[in-house]
Structures are given as C-alpha cells and as structure tokens.
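This is what each chain is made of:
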Amino acid sequence: MEDNGIELLVLLDISGLEDKQRFEKYLKREGFKTVEGEEFVYTAKSSTTLFSTKAYILEVFKEGLKKQEFKGDANMVFLLNETPYPAYYFDTNTNEFELVKE
C-alpha cells in the first residue's frame, strides 16, 4: 500500500502584513505553495505524522510572521487530509500561535 502523505490546506486571515511577497517566498522555501486565485491560502504535502505536521505548520507560519516585524492580526485554520483542525490566532505578546478558545 502506497502512502502519499498528508495533504495540507492552510487558510490565513491576516492584517498588518508588511511584505506579503517576502512572507510567501519564505513559505515556498518551507514547502508551501500558494493557491492560485486565493488570498493567503496555501497547500503542501507532509510525509510525517499528523502531530508533527501540525507542529510544523504552526512553527513555519510563526517564523514567517516573526521575520516580518508583524504587528497586525493573524488567524489560521488548516485541514489535514480534509479534516479541519481548531482555529489558531497569533499572539503578538508571546509570538506564538495560540488555540482559539471557544
């Protein structure tokens, strides 16, 4: 049985991003592709576990925002193999993505 890995879809709702091109260039280096015709929607494939993949997404997007001297708001949701995960928001005090409390 062949395992093609995990399909990722990341949706970012963001304001205050200084340099979108630089941000997306960084994401591309980390394996994320922009979805044509969509603002701040990215896809990728992962060959690791769901847990590792989730941690990787949070880390890559956190680093991407930190490289920007980001001062706005960012909210993120992602799907792994079409399974939605809870929403996250970027906490500018801790520079980390935090789980949105229901």
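Further up the page is the structure itself.
Here goes a summary of the coordinates provided. Treat the numbers as computed from the prediction; the structure is a model and nothing was measured.

1. Digging into the environment of isoleucine 14
Within the fold, isoleucine 14 resides in strand β1 (residues 6-15). Separated by 78 residues in the primary sequence, isoleucine 14 and threonine 92 place their C-alpha atoms 13 Å from one another. Residues within four places of isoleucine 14 in sequence aside, it is in contact with Phe40, Leu65, Phe70, Asp73 and Ala74.

2. Section: the pattern of salt bridges
Any two side chains of opposite charge can pair, on the condition that their charged atoms come close. The tally for this structure, following the rule as stated, stands at six salt bridges. Between glutamate 7 and lysine 45 there is a salt bridge; the shortest N-O distance is 2.3 Å. You can see glutamate 7 sitting in strand β1 and its partner lysine 45 sitting in strand β3 (residues 41-46), a full 38 residues away along the chain. Its relative accessible area of 53% is what places lysine 45 among the exposed residues. We note a salt bridge from glutamate 63 to lysine 66, for which the minimum N-O separation is 3.5 Å. On the criterion of helical spacing, the pair formed by glutamate 63 and lysine 66 is a turn pair, its members being three residues apart in helix α2 (residues 50-66). Using a relative accessible area of 38% as the deciding quantity, one classes lysine 66 as partly exposed.

3. Quick look at the pairing of strand β4 (residues 73-80)
Every second residue of β4 is oriented toward a common face, the buried set being Ala74, Met76, Phe78 and Leu80 and the non-buried set Asp73, Asn75, Val77 and Leu79. The pairing of β1 with β4 spans eight bridges and is classified as antiparallel. The residue of β4 that forms the bridge with leucine 8 is leucine 80. Sheet analysis places β4 next to strand β6 (residues 88-91), joined by two bridges and oriented antiparallel. Its bridge partner lying in β6, methionine 76 is registered against tyrosine 88. Both β4 and strand β5 (residues 83-84) contribute to a ladder of two bridges, which runs antiparallel. By the bridge assignment for β5, leucine 79 is matched with proline 84. Counting the residues between successive antiparallel strands, the hairpin from β4 to β5 contains two residues, one of them, asparagine 81, with a positive phi of roughly 50°.

What counts, and where the lines are drawn
- Residues numbered from 1 in each chain as written.
- Predicted model: local features only at pLDDT ≥ 70, side-chain atom pairs only at ≥ 80, totals over all residues.
- Heavy atoms only, no water.
- Helix = DSSP H or I, 4+ residues; strand = E, 2+ residues; numbered from the N terminus.
- Contact = heavy atoms within 4.5 Å.
- Salt bridge = Lys/Arg side-chain N within 4 Å of Asp/Glu carboxyl O.
- Buried < 20%, exposed > 50% of the residue type's maximum accessible area, 1.4 Å probe, protein only.
- Pairing = 2+ DSSP bridges.

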